[in-house]
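Remarks on the overall topology
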Amino acid sequence: MTNKKLWGGRFQAESSSIMERIGESISFDQSLYKVDIQGSKIHAKNLLNIGILSEEEYQKIILGLEQIQKEIENNEFEFTPKLEDIHMHIEYRLTQIIGETGKKLHTARSRNDQIALDVRLYVRESISLICKKLFDLLEILLTKAEQSIDIIMPGYTHLQVAQPIRASHYLLSYFWTFVRDYNQFLFTFSVNDSFVLGSGALAGVNYKINRELMQKELNFSKLSENSMDAVSQRDHILNFLFAGSLLLMHFSRLCEEIILFSSVEFGFISLPDSLTTGSSIMPQKKNPDIAELIRGKSARLFANLQHVFVLLKGLPLAYNRDLQEDKIPLFDANEQIQISIEGISEVIKNFSFHPQKMQASLKKGFATATDLADYLVFQHKVPFREAHELVGSLVGLAVQKGKTLFDLTYEERASISPFFATEEYFTAISLENSADKKDVFGGTAKNRQLEQIQVAKKTLTNLHKIWETT
Ligand code: ARG
């Protein structure tokens, strides 16, 4: 291979080794080969339409590009830092295969609008894979919620037992979180949805190419309005990284609960052996590594977002080579987002609840103390402040005796108030009744949970429709 660069016309001296090493992006942008070829094919068609290419030359270019794609996919393609980036590699090889005609492909195009198009195609493809995986996760959550509607578990505030909730309520809470994440990716899709080829290096191109035609063929909903903006802005990448960061932050919270809830101290859930790991020294260990790793990956996402913000800050218009560094965080984020969604889906699908342990915690945590106070208010017209005081004394007594509200004796209860020495006392402290009294839209009562499941199902159907029409 000659050391002469494809852009080397004006240069007398060869690039120094450090220039080549620092300037190459082929080590990471080779993954753009498919979208780069996709863009080049459309561009070639345009060159045919405006008479730069003859029909025969156009056909040669298309066949050449297809051969290159096969070579790359069969690992028969030679990548070298000397050719800098994916665009140069493909153009150089094309000229090797089809001769001089290959040199016509870059007419009316700059690598600045070429890379801008490639990245938009990449982001679009990534969002569609992510949304598909998120949709599967939402379905898994919904199925699990339906199956666990009769399981009562503690709900927490300050990580102290607060009130009984239905397990479906807990799971659906994440369902709605991930619906918002899904919508955030759809928004990113629309931010990304502009066709940029024809912007040239920064000012447009000297040829009457038909931008609308290319836009329609590549399924973008609009043309970028300003060529300088098109080659220099990276808002779609930032939006993608933000959507990913938000999702991973949500995952990290769920993972934290998976880790806590599967510990001996809580014992609320178990992960299957297939999703845990052992210790090389402690034979008894079964570690929730999958949840820890996904919790850890959130840090990577935030760093990727920060990376691109810092990269863009203070950059003058239009293209600057700094922008080459935007791909590393983008590619990494895409990979981490997808693997994390798959991981979370497996965890949700496969963990099991231990209702007895959760019940014991609810009792130990006096989770229905508020319901007992409300019983005094409703049934015996006790002012709430006084009811609060009486139940507080009863809890104090139970703590002192090492008991729960459920196993205090008749005498012990009567010693605080005659209203505690009744049959209704047990109805008032029942865990299930407590849940079912939260009979408001969005609440934990069984009928409200059934209602929410229906709303969630409708939402899923709508998400599906939105996706089909995007
Ligand atoms: N590899 C470059 C990038 O990723 C492509 C654009 C190069 N443009 C240039 N003027 N050197 O940004």
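Everything that follows concerns the structure shown earlier in this document.
As a starting point, this report considers the structure included with it. (Residues numbered from 1 in each chain as written. Predicted model: local features only at pLDDT ≥ 70, side-chain atom pairs only at ≥ 80, totals over all residues. Heavy atoms only, no water.)

Examining the overall build of the protein
To keep things clear, this is the line we draw: Strands are runs of DSSP state E lasting at least 2 residues, helices are runs of H or I lasting at least 4, and numbering of each runs from the N terminus. Based on C-alpha atoms, the radius of gyration is set beside the globule rule, defined as 2.2 Å times the residue count to the power 0.38. In this analysis, two residues are considered to be in contact whenever any of their non-hydrogen atoms come within 4.5 Å of each other.
When its secondary structure is counted, the protein shows 19 helices and six strands. The C-alpha atoms of the protein give 31 Å as radius of gyration, which overshoots the globular expectation for 470 residues (23 Å, by more than 25%). The principal-axis extent of the C-alpha atoms belonging to the protein is close to 100 × 50 × 40 Å. Taking the intrachain contacts of the protein between residues at least 6 apart in sequence as the baseline, contacts between residues at least 24 apart amount to 76%.

Re the packing of helix α3 (residues 33-49) against helix α6 (residues 111-147)
Applied cut-off: Here the axes come from fitting lines to C-alpha atoms, over the contacting stretch only for helices, and the angles between their N-to-C directions go from 0 to 180 degrees. Should an angle fall under 35 degrees it is called roughly parallel, over 145 degrees roughly antiparallel, and 65 to 115 degrees roughly perpendicular, with every other angle called oblique. Each crossing gets its hand from how the near helix is turned against the far one by less than a right angle, where anticlockwise is left-handed and clockwise is right-handed.
It is the contact of α3 with α6, at a shortest axis distance of 9 Å, that shows an interaxial angle of 120°. In terms of axis orientation, α3 runs oblique to α6. Between α3 and α6 the crossing geometry is right-handed. From α3, V35, D36, Q38, G39 and S40 reach across to α6, where they touch Q114, L117, D118, L121 and Y122.

Notes on the side chain of S298
Put simply, the test is: Relative accessible area decides the class of each residue, using a 1.4 Å probe on protein chains only: under 20% of the type maximum gives buried, over 50% gives exposed, and in between gives partly exposed.
Within the secondary structure layout, S298 lies in helix α11 (residues 289-312). We classify S298 as buried; its relative accessible area is 6%. S298 has contacts with L248, M249 and S252, leaving out every residue within four places of it along the chain.

Details of the site of the ligand
To be explicit about the condition: Note on definitions. A residue lies near a molecule or strand when any single heavy atom of the residue is within 4 Å of it. By the criterion applied in these results, polar contacts are pairs of N or O atoms within 3.5 Å in which, for protein atoms, one can donate a hydrogen and the other can accept it, and in which residues neighboring in sequence qualify only through two side-chain atoms. To measure how exposed things are, a 1.4 Å probe is used in the Shrake-Rupley method; for residues, cover is taken only from the protein chains shown. Classification convention: Asp, Glu, Lys, Arg as charged; Ala, Val, Leu, Ile, Met, Phe, Trp, Tyr, Cys, Pro as nonpolar; all other residues, Gly among them, as polar.
Taken together, S25, D85, H87, R111, N112, I115, Y319, R321, Q324 and K327 form the complete shell of residues around the ligand. The contact in question runs from a nitrogen atom of the ligand to an N or O atom on the side chain of Q324, over 2.8 Å. Contact with the protein chains hides 87% of the accessible area of the ligand, taken as 340 Å² for the molecule alone. Considering each element in turn, the shell around the ligand owes the most residues, three residues, to α6. Looking at the shell around the ligand, its residues break down into two nonpolar, four polar and four charged.

Brief notes about helix α4 (residues 55-73)
Along an α-helix, residues three or four apart share an orientation, since each turn contains 3.6 residues. Test applied: Any helix carries an expected span of 1.5 Å times its number of residues minus one.
The terminal C-alpha atoms of α4, which comprises 19 residues, lie 27 Å apart, in line with the 27 Å expected from a rise of 1.5 Å per residue. When α4 is considered as a whole, its buried residues turn out to be E57, Y58, I61, I62, G64, L65, I68, Q69, E71 and I72. The elements touched by buried residues of α4 are α3 and α5 (86-98).

Describing the pairing of strand β2 (residues 160-166)
The condition that has to hold: One requirement defines pairing of two strands: DSSP has to find at least two bridges between them.
Examined bridge by bridge, strand β1 (residues 152-157) and β2 share six bridges and lie antiparallel to one another. Bridge pairing in β2 places I152 opposite R166. Turn length for the β1-β2 hairpin, with the two strands adjacent in sequence and antiparallel, is two residues, and the turn residue H158 shows positive phi of about 55°.

Brief notes about the nonpolar core
Basically, it comes down to this: Only buried residues count toward a nonpolar core, which is a set of Ala, Val, Leu, Ile, Met, Phe, Trp, Tyr and Cys residues joined through side-chain atoms within 4.5 Å.
Membership of the largest hydrophobic core comes to 107 residues, with the highest contact counts inside it found for F185, F240 and I337. Of all the elements, α6 adds the most residues to this core, at 18 residues. Leaving out residues up to four positions away in the same chain, F185 has contacts with I127, I130, C131, L134, F240, A243, G244, L247 and I337. Ranked by size, the runner-up nonpolar core spans 19 residues in total, among them A369, Y375, L376 and L390.

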